[in-house]
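Spelled out from the first residue to the last, the chains are:
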Amino acid sequence: MALTGLGRYEDAILSFSVSVALDHDMGAVRHEMTHALHRFLAGAPAGYRARCNSLGVLAPYSLHGRRPRFLAASYPALNCSDCEDSFSGEEDFLQVPQKFSSTSLGGPAAPVVPQESTRLRSLVERIFQEVEKIKRMDVKLEDLVVNPDLVEQSDFDCVLCCRTLWQPVTTPCGHTYCWMCLDRCLDYSFACPLCMTSLADYLSSSQKAVTEVIEHSLRLLLPAEYLARQVTHHQELSELVQLWGGQVPVFVCTTGFPGVPCPLYVYEPRYRVMMRHCAEAGTREFGIVACLTKDPGNKSYAEFGTMLEIRDWILLDSGCSILTTVGVRRFHVLTRGERDGYDTAKVEYFRDQPIPADKLPDLKYLHERVRPKAWQWFNSLEAELQSEIVRAFGQMPELEEDWPSLADGPVWTWWLLAFLPLSQELKVEILATTSLEKRLRAIDKTLDRIQAAAVIKQGQDVAVATRPEELTSNSRHQANQTQQTGESLYEQERQSQHTATSSHQLPHPIFNASFLGDNREQVMESS
Amino acid sequence: MTALPRRIIKETQRLMQEPVPGISAVPDDSNARYFHVIVTGPEDSPFEGGLFKLELFLPEDYPMSAPKVRFITKIYHPNIDRLGRICLDILKDKWSPALQIRTVLLSIQALLSAPNPDDPLANDVAELWKVNEAEAIRNAKEWTRRYAMDN
Ligand SMILES: [Zn+2]
Ligand SMILES: [Zn+2]
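Throughout, a residue's number is its position along its own chain's written sequence, starting from 1. Naming scheme: in the order in which they are written, chains are lettered from A and ligands are numbered from 1. Confidence filtering applies because this is a predicted model: local features only for residues at pLDDT of at least 70, side-chain atom pairs given and counted only at 80 or more, and all residues used for totals across whole chains, interfaces and linings. To obtain the side-chain values, all non-hydrogen atoms of the structure were used and water was disregarded.

In the nomenclature of an unreviewed UniProt entry, chain B corresponds to UBC core domain-containing protein from the organism Coptotermes formosanus. Of the comments in the UniProt record for chain B, the one headed Sequence similarities (unreviewed entry) reads "Belongs to the ubiquitin-conjugating enzyme family." UniProt positions are given in the numbering used here, feature names are shortened, and annotations may be inferred rather than shown by experiment.

You'll find chain A entered in an unreviewed UniProt entry as LON peptidase N-terminal domain and RING finger protein 3, with Zootermopsis nevadensis given as the organism.

Put into structure tokens, the structure is as follows:
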């Protein structure tokens, strides 16, 4: 099949024929062979095609899933019952190939095959020769297979993971890797790891398929290694299913909120790996946390985050992807880990504290005051901004009837927080609170301050001082790179692990500035 | 931290069993991704006779990302800066996951034999190397004697 991929259809047909001769199980081969033959014939000299047309045969190769009869007829000696069965239903096959069958059996003096088609004739010749060879070495063949001393185990090792190949794929440049290993490389670069040939075309044509020959030989020649590798593979997958050994994968980017969509653009290699792991593990969930570079070291990302569920996944040709996700529940980071370059964390989920009955009337009163205020503010925004918000986070959620008893309270509060101009730190703090009352008061105060700022702005016609938080974090990272310190590489490595990734967020942050400053007491009431 | 990938285990084993001539790389007792490296200055180079200490760290996504390597011993070389950072394409954009610790160290050894002042990291060194190669080589020999030969 690799040969088909390479466009070497003649050779492909030849090896298919040989594999049919060697192996009675032809199910998989059959389809591929048809495909190769189709291509071979399609590429045959024009004279041949014209002839087909004149015979009233549009295209003998357009019959998918069928194998021209002449090939079956070319191994009379191998006419096992399998063969008979497979072809018995094809009596109605078009005339031209049937004539070929007599042709090929009758040798090169072909009445139907026109002079131009020497390629076809020589192919048939080659098939005959190969099959003859096999017939002659039929007895020796078994000796070959049984002699495992001739097989070097490391011949079947993947250069990337140094393990026995698993689901081997062969690139057009002829290099073989584990499917998953190659996938990981392609996250980083389109170059073949061994010869640096660009694999961009190969990728976009999505011809990647397991190289059956290698897979088959492995199973045959190194059964123990094959089995062991299979076990490791499944172990690795189940490890993922167990949520990364009791941990969840963590996307360090921004704060997500329960019930609120969080569109993401995934382009960084480590996060592409992470998303593939999510897909392979079948969990479709990962955590998202804000990147806080204010206090570097071990606390480079926020302690509180939100699990996101993947709703939709668009894989782009470049290998990047656009994810539609929605927040499902909040978590607290207990311990931090790593896997294949991305962060993982052991987390504890949490919810709002239940509201005591005696507090409920006050809370309802507060809520009735804040929700309309939020709605009013949203409506006061420029129409363009409004529609951008709606595109990213949806319309303002309807109020749930049972909102006081929900795990995360009414969703509209989170929806609003997703685009309220607050610093990342404050958003994390609001996410972390288990008191709906505090959350509502924080929103209330924020809205008041925005109002006040707007009034001042109107009066003085002075732009509000802006502090672009996203930029601060980015430039910090750059500073890190150029910083000339003599500290150990290991330390540098740890520090550069968590770089600002705000650009993952779709759309780009609506408010680049937090004009509320950082004075948390003014928004969040201390407990 | 997850278990050490098979790839790192194999590479380490091979480095121990079939060491590259003139290079020793030993993993740290407490961190198998951190290697203590010693490269001997190649013959017929200004670094001949010197023993150069380096540190090599395999990042979490190795081999997708290149190892991080740095000279600890001071060295006078146009492609190695004051902090020991090395200007070598395979450590940066030319990295391929099919390359190994072994290949990286061999390339560094080769860089000592063939300094390339046209692609400098240490500009003052490169400048002198281009303008007055003899003096630059004298400096390199002097630094080798002073910093790479104490024991
Ligand atoms: Zn592999
Ligand atoms: Zn290649």
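Past the structure itself, the notes keep going.
Q: Can you help me understand the overall build of chain B in this one?
A: Of the regular secondary structure elements, chain B holds four helices and four strands. N-terminal to C-terminal, the α/β element order of chain B is α-β-β-β-β-α-α-α. Think of it in three bands: with a 1.4 Å probe and only protein chains considered, a residue is buried below 20% of the maximum accessible area for its type, exposed above 50%, and partly exposed in between. The burial tally for chain B puts 51% of its 151 residues in the buried class. Between two residues, a contact is recorded if the distance between any of their heavy atoms is within 4.5 Å. When contacts within chain B are restricted to residue pairs at least 6 apart in sequence, long-range pairs at least 24 apart make up 54% of them. When the accessible area of chain B is evaluated, it comes to approximately 7400 Å², of which 50% is carbon and sulfur surface. Secondary structure counts use DSSP, requiring at least four H or I residues in a row for a helix and at least two E residues in a row for a strand, with both numbered from the N terminus. Areas reported here follow the Shrake-Rupley algorithm with a probe of radius 1.4 Å; residue values treat only the protein chains shown as occluding.

Q: So what exactly am I meant to see when it comes to the overall build of chain A here?
A: What chain A contains, in helices and strands, is 22 helices and eight strands. Looking at the 527 residues of chain A, the share that counts as buried comes to 45%. Sequence-distant contacts in chain A: of pairs separated by 6 or more residues, those separated by 24 or more amount to 69%.

Q: What exactly am I supposed to notice about the coordination of the zinc ion (ligand 1) here?
A: Metal coordination angles have textbook ideals: 109.5 degrees for a tetrahedral set of four donors and 90 or 180 degrees for an octahedral set of six. Residue and element names in this part refer to chain A. Donor atoms from the polypeptide that coordinate the zinc ion (ligand 1) comprise C158 (SG), C161 (SG), C178 (SG) and C181 (SG), at 2.3 Å from the metal. For the zinc ion (ligand 1), the four donor atoms are set out with angles of 104 to 114° between them, so the coordination reads as tetrahedral. Counting along the primary sequence, the residues that act as donors to the zinc ion (ligand 1) give the motif C-x2-C-x16-C-x2-C. With C158 in the loop between α8 (118–146) and β1 (168–170) and C181 in helix α9 (residues 179–188), the pair connects residues that are 23 residues apart, well separated along the chain. Coordinating donors are taken as N, O and S atoms within 2.8 Å of the metal, stretched to 3.2 Å for Na, K and Ca; because water is absent from the atoms, sites can appear incomplete. The rule is simple: four donors are tetrahedral if all their angles sit between 85 and 135 degrees, four are square planar and six octahedral if opposite donors span more than 155 degrees and the others lie between 65 and 115, and anything that fits none of that is irregular.

Q: I would appreciate a short explanation of the packing of helix α15 (residues 360–380) of chain A against helix α16 (residues 383–393) of chain A in the present structure.
A: Each pair of packed helices gets described by two things: the angle between the helix axes and the distance between those axes. Residue and element names in this part refer to chain A. Interaxial angle, 0 to 180 degrees, is taken between N-to-C directions of lines fitted to C-alpha atoms, where a helix line uses only the stretch in contact. The N-to-C vectors of α15 and α16 enclose an angle of 120°; their axes lie 8 Å apart at closest approach. Contacts between α15 and α16 involve F378, N379 and S380 from the first element and Q386, I389 and V390 from the second. All residues other than Ala, Val, Leu, Ile, Met, Phe, Trp, Tyr, Cys, Pro, Asp, Glu, Lys and Arg, Gly among them, are scored as polar; the first ten of these are nonpolar and the last four charged. Among the residues making up the contact of α15 with α16, the classes are represented as three nonpolar, three polar and no charged.

Q: Would you take a moment to explain the side chain of A:Q424 for this structure?
A: Residue and element names in this part refer to chain A. Take Q424: it is sitting in helix α18 (residues 424–432). By relative accessible area, Q424 is classed as buried at 9%. A polar atom in the side chain of Q424 sits 2.7 Å from the side chain of T255. In protein, a polar contact requires one atom able to donate a hydrogen and another able to accept it; more generally it is a pair of N or O atoms within 3.5 Å, and residues adjacent in sequence count only if both atoms are side-chain atoms.

Q: Would you mind going over helix α1 (residues 6–17) of chain B with me for this structure?
A: Three- or four-residue spacings in an α-helix give side chains the same orientation, since the helix completes a turn every 3.6 residues. All names here are of chain B. To estimate how far a helix should reach, multiply one less than its number of residues by 1.5 Å. Along its twelve residues, α1 runs 16 Å from first to last C-alpha, staying within 8% of the 16 Å computed at 1.5 Å per residue. Taken together, the buried positions of α1 are R7, I8, E11, T12 and L15. All buried residues of α1 fall inside an arc of 130° around its axis, so they share one side. What the arc covers is the set of directions going from the helix axis to the C-beta atoms.

Q: Would you take a moment to explain the UniProt feature "active site" (unreviewed entry) in chain B for this structure?
A: Residue and element names in this part refer to chain B. Mapped onto this numbering, the UniProt entry gives "active site" (unreviewed entry) at C87. Its place among the elements puts C87 in the loop between β4 (68–71) and α2 (101–113). Ignoring sequence-local partners within four residues, the contact set of C87 consists of N79, K92, L111, D119 and L121.

Q: It is not clear to me how the coordination of the zinc ion (ligand 2) should be interpreted in this structure. Could you clarify?
A: Here the zinc ion (ligand 2) is held by A:C173 (SG), A:H175 (ND1), A:C192 (SG) and A:C195 (SG), and the distances to it run 2.0 to 2.3 Å. The coordination sphere of the zinc ion (ligand 2) comprises four donor atoms, whose angles at the metal cover 101 to 118°; the geometry is tetrahedral.

Q: Sorry if this is basic, but what is going on with unusual backbone geometry here?
A: Residues apart from glycine generally show negative phi values, whereas peptide bonds are mostly found in trans. Cis geometry is adopted by the peptide bond preceding B:P63, which originates at B:Y62 and carries an omega value of 10°. You can see B:P63 is positioned in the loop between β3 (51–57) and β4. The backbone of A:C162 sits at a positive phi, close to 60°, despite the residue not being glycine. Positionally, A:C162 belongs in the loop between α8 and β1. A:C162 gets classed as buried once you look at its relative accessible area, which sits at 11%.

Q: What is the right way to read the packing of aromatic side chains from this model?
A: The geometry of an aromatic ring pair is captured by two quantities: the separation of the ring centres and the angle between the planes. Residues and elements named next belong to chain B. The pairing test for Phe, Tyr and Trp rings, Trp by its six-membered ring, is centres within 6.5 Å, and the orientation test on the planes gives stacked under 30 degrees, edge-to-face over 60, and tilted for anything in between. Throughout the structure, instances matching the rule amount to 18 aromatic pairs over all chains. Ring centres of Y62 and W95 lie 6.0 Å apart, and the angle between their planes is 40°; this geometry places the pair in the tilted category. Residue Y62 is located in the loop between β3 and β4, and its partner W95 is located in the loop between β4 and α2; the two are separated by 33 residues in the primary sequence. Residue Y62 is classed as buried on the basis of its relative accessible area, which comes to 3%.

Q: Just to check I follow, could you spell out the pairing of strand β1 (residues 23–27) of chain B for this structure?
A: The side chains of a regular strand alternate, first on one face of the sheet and then on the other. Residue and element names in this part refer to chain B. For two strands to count as paired, DSSP must find a minimum of two bridges between them. In the sheet, β1 pairs with strand β2 (residues 34–40) via five bridges, with the strands oriented antiparallel. Bridge assignment links P27 to a residue of β2, and that residue is F35. Hairpin connection between β1 and β2: a loop of six residues separates the two successive antiparallel strands.

Q: When you look at the pattern of salt bridges in this model, what are you seeing that I'm missing?
A: Pairing of side chains with opposite charge becomes possible as their charged atoms draw close. Residue and element names in this part refer to chain A. Each salt bridge in this description consists of a side-chain nitrogen of Lys or Arg and a carboxyl oxygen of Asp or Glu lying within 4 Å of one another. Tallying each qualifying case throughout the model produces 23 salt bridges over all chains. Note that E309 and R311 form a salt bridge whose closest N and O atoms lie 3.1 Å from each other. Overall, the relative accessible area of 51% leaves R311 in the exposed class. Taking the shortest distance from any N to any O, the salt bridge between R369 and D444 comes out at 2.9 Å. Taken together, the residues span a long stretch of sequence, with R369 in helix α15 and D444 in helix α19 (residues 436–460) at a distance of 75 residues. Each member of the salt-bridge network shares a partner with another, and the members are R330, D352, D408 and R439.

Q: Explanation requested: the environment of B:E127 in the structure shown.
A: Residue and element names in this part refer to chain B. Inspection of the secondary structure assignment puts E127 in helix α3 (residues 123–131). Judged by its relative accessible area of 46%, E127 is partly exposed. Considered as a pair, E127 and P78 are 49 residues apart in the sequence and their alpha carbons are 8.2 Å apart.

Q: Looking at this model, I keep getting lost on the sheet that holds β3(B). Mind explaining?
A: Backbone hydrogen bonds hold the strands of a sheet together, and the pairing may be parallel or antiparallel. Residues and elements named next belong to chain B. Strand order in this open sheet of four strands is β1-β2-β3-β4, and the pairing throughout is antiparallel. Bordering the open sheet on either side are β1 and β4, each of which pairs with just one other strand. Neighbouring strand axes in the sheet, compared pairwise and without regard to direction, differ in orientation by 20° on average. By the bridge criterion, seven bridges tie β2 to β3 in an arrangement that is antiparallel. Pairing of Y34 across the sheet is with F57, part of β3. Across the sheet, α1 is in contact with β1 and β2; its angle to β1 comes to roughly 135°.

Q: I'm lost on the pairing of β3(B) in this one. Help?
A: Residue and element names in this part refer to chain B. When you tally the buried positions in β3, you get five out of seven residues, the bulk of the element. Relative to β4, β3 runs antiparallel, the two sharing four bridges. Note that in β4 the partner of E55 across the bridge is R70.

Q: Please explain the UniProt feature "domain: RING-type" (unreviewed entry) in chain A as it appears in this structure.
A: According to UniProt, the feature "domain: RING-type" (unreviewed entry) maps to residues 158–195 of chain A in the numbering used here. Along residues 158–195 of chain A one finds 26% helix and 16% strand; the C-alpha atoms at either end are 15 Å apart.

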